[in-house]
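# Reading the structure
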Amino acid sequence: MEVSKGEGAVERPARGARERILEAADHLARETGPAHLALDAVAARAGVSKGGLLYHFPSKLHLLTALVDRHVERFEAEVAERSKAASGPSGQLRAYLDASLEDCRQMPSTGALAAMVQQPDLLRPVRDFKRRALDRMLTSAPDAGAALVLFLALDGLRSLKLFDLDILTDGERQLAIDALRRLIDAA
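If you're wondering where the values come from, they're calculated on a predicted model, not measured in any experiment. Sequence order as written defines the numbering, with residues in each chain counted from 1. pLDDT decides what is reported in this predicted model: residues at 70 or higher carry local features, side-chain atom pairs at 80 or more are listed and counted, and totals for whole chains, interfaces and linings draw on all residues regardless. Side-chain metrics in this entry use all non-hydrogen atoms of the structure; hydrogen atoms and water are not considered.

### Digging into the overall build of the chain
The following threshold applies: Numbered from the N terminus, helices here are DSSP runs of H or I no shorter than four residues, and strands are runs of E no shorter than two. Only protein chains enter the accessibility calculation, which uses a 1.4 Å probe; a residue whose area is less than 20% of its type maximum is buried, one above 50% is exposed, and one in between is partly exposed. In this analysis, two residues are considered to be in contact whenever any of their non-hydrogen atoms come within 4.5 Å of each other. Only the protein chains shown count as cover for residues, and the accessible areas themselves come from Shrake-Rupley with a 1.4 Å probe.
Within the chain one finds nine helices and two strands. For the chain, the succession of helices and strands along the chain, N to C, is β-β-α-α-α-α-α-α-α-α-α. Every one of the 187 residues in the chain was classed for burial, and the buried ones make up 36%. Sequence-distant contacts in the chain: of pairs separated by 6 or more residues, those separated by 24 or more amount to 68%. Total accessible area computed for the chain in this model is approximately 10600 Å², and 57% of it derives from carbon and sulfur atoms.

What follows is the structure in structure tokens.
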């Protein structure tokens, strides 16, 4: 159901507006980088007025914080889902590896860094999640050293992408991933 707002403007129903705004912001952040995210552009992409956007997210910081929280929640759910499907004592490590590789493929580069530099508090939920993930891996992995190496290697791959320093060829990246898989299998 759409509600007319006069002069040909159409406002979508409020139901789902918050999620539409987050989806639009996520897509735009990937296109332009979070540091260049414009609230007007997010509102237009989401099909809401700027006032509607500001109702849900009173500032750009609130919107960016919600995006980070949403990303962490989705990543954590993805790891949990993959962990259920993974078998054996190293299932948690395999789940984290696979979810991290997918996340890294989809991650924007320097724009995310710029947003975090502008608002360092955006890192708090990421830091908290990483600690929880590492703790789960350390307690469930048969080899804590292998879990640490996996964690550090994956963060290294993410950092290369985040800082726009990814100099690895596809073959080199795959070689590293294969080595991580062998490390997990040996654990």
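There's more to say after this.
### Side note on the packing of helix α5 (residues 91–106) against helix α7 (residues 123–140)
Our working rule: Only the stretch in contact is used when a helix axis is fitted, and all axes are lines through C-alpha atoms; the angle between N-to-C directions ranges over 0 to 180 degrees. Amino acid classes used here: Ala, Val, Leu, Ile, Met, Phe, Trp, Tyr, Cys and Pro are nonpolar; Asp, Glu, Lys and Arg are charged; the rest, including Gly, are polar.
Between α5 and α7, whose axes approach to 8 Å, the crossing angle comes to 145°. Each of Q92, L93 and Y96 in α5 lies in contact with α7, whose residues at this interface are F129, K130, A133, R136, M137 and S140. Its residues assigned to classes, the contact of α5 with α7 shows five nonpolar, two polar and two charged.

### Things to note about the environment of G91
Tracing the backbone shows G91 in helix α5. Sequence spacing of G91 and I184 is 93 residues, and the spatial spacing of their C-alpha atoms is 8.8 Å.

### Observations regarding the nonpolar core
A general tendency of soluble globular proteins is for nonpolar side chains to be buried together. Quick note on the threshold: In plain words, nonpolar cores are sets of buried Ala, Val, Leu, Ile, Met, Phe, Trp, Tyr and Cys residues tied together by side-chain atoms within 4.5 Å.
In terms of nonpolar packing, the biggest core is built from 43 residues, with L37, V42, L63 and Y96 touching the most fellow members. Among the elements of the structure, α1 (17–32), α2 (39–46), α4 (60–85), α5, α7, α8 (144–162) and α9 (170–186) are those that each provide at least two residues to this core. When sequence neighbours within four positions are dropped, the list of residues in contact with Y96 reads F75, V79, F129, K130, A133, M137, F151, L154 and R158.

### Details of α8
Filter applied, for reference: Each residue after the first adds 1.5 Å to the expected span of a helix. Two N or O atoms count as a polar contact when they lie within 3.5 Å, although within protein this holds only if one can serve as hydrogen donor and the other as acceptor, and sequence-adjacent residues are included solely when both atoms are side-chain atoms.
End to end, α8 covers 26 Å across 19 residues, agreeing with the expected 27 Å (1.5 Å per residue, within 8%). The N-capping residue of α8, defined by a side-chain oxygen 3.0 Å from the backbone nitrogen of G145, is D143.

### Some thoughts on the packing of aromatic side chains
Selection rule: A pair of Phe, Tyr and Trp rings is counted when the ring centres sit within 6.5 Å of each other, with Trp represented by its six-membered ring. The angle between the planes then sorts it: under 30 degrees is stacked, over 60 is edge-to-face, the rest tilted.
Following the criterion strictly, the structure yields three aromatic pairs and no others. Aromatic side chains Y96 and F151 sit 6.2 Å apart centroid to centroid with 25° between the ring planes, which places their arrangement in the stacked category. Here the residue Y96 occupies a position in helix α5, and F151 occupies one in helix α8, the gap between them amounting to 55 residues. The class for Y96 is buried, based on a relative accessible area of 1%. Of the residues examined, F151 reaches a relative accessible area of 9% and is grouped as buried.

### Focus on the environment of L63
Tracing the backbone through its elements, the reader meets L63 in helix α4. On the basis of relative accessibility, which here comes to 0%, the residue L63 falls in the buried class. Separated by 26 residues in the primary sequence, L63 and L37 have C-alpha atoms spaced 9.8 Å apart. Ignoring anything within four residues of it in the chain, the contact list for L63 reads I21, L22, A25, L37, L39, V42 and F57.

### Examining the packing of α1 against α2
Here is the rule we go by: Angle categories are assigned with fixed cut-offs, so that under 35 degrees is roughly parallel, over 145 is roughly antiparallel, 65 to 115 is roughly perpendicular, and the rest are oblique. The handedness criterion is simple: a crossing whose near helix is rotated anticlockwise from the far helix by less than a right angle is left-handed, and one whose near helix is rotated clockwise is right-handed.
Contact geometry of α1 with α2 gives a least axis separation of 8 Å together with a crossing angle of 125°. Classified by the angle between their axes, α1 and α2 sit oblique to one another. For the crossing formed where α1 meets α2, the hand is right-handed. Between α1, through R20, I21, A24, A25, H27, L28 and E31, and α2, the contact on the second element is made entirely by A41, V42, R45 and A46. A breakdown of the residues in the contact of α1 with α2 according to their chemical character gives seven nonpolar, one polar and three charged.

### Overview of the pattern of salt bridges
Selection criterion: Criterion for a salt bridge: a side-chain nitrogen of Lys or Arg within 4 Å of a carboxyl oxygen of Asp or Glu.
Per the counting criterion, the structure on display carries 19 salt bridges. Close ionic contact of K50 with D40 constitutes a salt bridge, the shortest N to O distance being 3.4 Å. In this pair, K50 is assigned in helix α3 (residues 50–56) and D40 in helix α2, connecting sequence segments 10 residues apart. Taking relative accessible area as the criterion, K50 reaches 38% and is therefore assigned partly exposed. Taking the shortest distance from any N to any O, the salt bridge between R124 and D121 comes out at 3.3 Å. Overall, the relative accessible area of 45% leaves R124 in the partly exposed class. Here the salt bridges share partners, and the residues they tie into one network are E19, E23, R70 and R74.

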